[in-house]
Amino acid sequence: MNVLTSAASKLSAYNRDSVLSASPARLLTMLYDRLLLDLNRGEAALQAQQWPTAWENLRHADQIVAELAGTLRVDLWDGADGLLQLYGYLADLIVGGMIERDASKVHEAIELAEPLRRTWHEAAALLPAAVPATDAERDLGVA
């Protein structure tokens, strides 16, 4: 095993452990961070006509949106239904961007997702450290 392979293996293990040990609120913000990374990479790849790269990033972004929609607790707050509909619209934009090779649809998805990402980060930062994670995160409406 060479040095690069060893370093990549250690980084992969660290990332896996970070996800497995993260609180639900931290997982939510990590998903949003990765969603925006994938969308931005996908948009850039579409603009550069790098179709396989665009496909890979946008497919992953679509999977993240599906995970966000699937774990949304619509029974915990009134705005959840609206957020679920927004997730559906984001998925439509992402898939449309992939199929039609349309960077403008992906850009619209970025413009919708970025304020949500910032808002979830702000909400997660407001959770008091002394409150057990399960009680505090229940207020965010995440599973």
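Asks: What is the right way to read the pattern of salt bridges from this model?
Replies: Should the charged atoms of two oppositely charged side chains come close, the side chains can pair. Applying the stated criterion across every chain yields a total of six salt bridges. A salt bridge links D38 to R34; the shortest N-O distance between them is 2.9 Å. Of this pair, D38 and R34 both sit in helix 2 (residues 24–47), four residues apart, which is roughly one turn of that helix. Overall, R34 belongs to the partly exposed group, its relative accessible area being 35%. The residue E114 makes a salt bridge to R118 at a minimum N-O spacing of 3.4 Å.

Asks: Explanation requested: the side chain of N57 in the structure shown.
Replies: Inspection of the secondary structure puts N57 in helix 3 (residues 51–71). Of the residues examined, N57 reaches a relative accessible area of 9% and is grouped as buried. Of the polar contacts made by the side chain of N57, one reaches the backbone oxygen of T53; its length is 2.9 Å. Excluding residues that lie within four positions of it along the chain, N57 makes contacts with D38, R41 and G42.

What counts and what doesn't
- Residues numbered from 1 in each chain as written.
- Predicted model: local features only at pLDDT ≥ 70, side-chain atom pairs only at ≥ 80, totals over all residues.
- Heavy atoms only, no water.
- Salt bridge = Lys/Arg side-chain N within 4 Å of Asp/Glu carboxyl O.
- Helix = DSSP H or I, 4+ residues; strand = E, 2+ residues; numbered from the N terminus.
- Buried < 20%, exposed > 50% of the residue type's maximum accessible area, 1.4 Å probe, protein only.
- Polar contact = N/O pair within 3.5 Å; in protein donor to acceptor, adjacent residues only side chain to side chain.
- Contact = heavy atoms within 4.5 Å.

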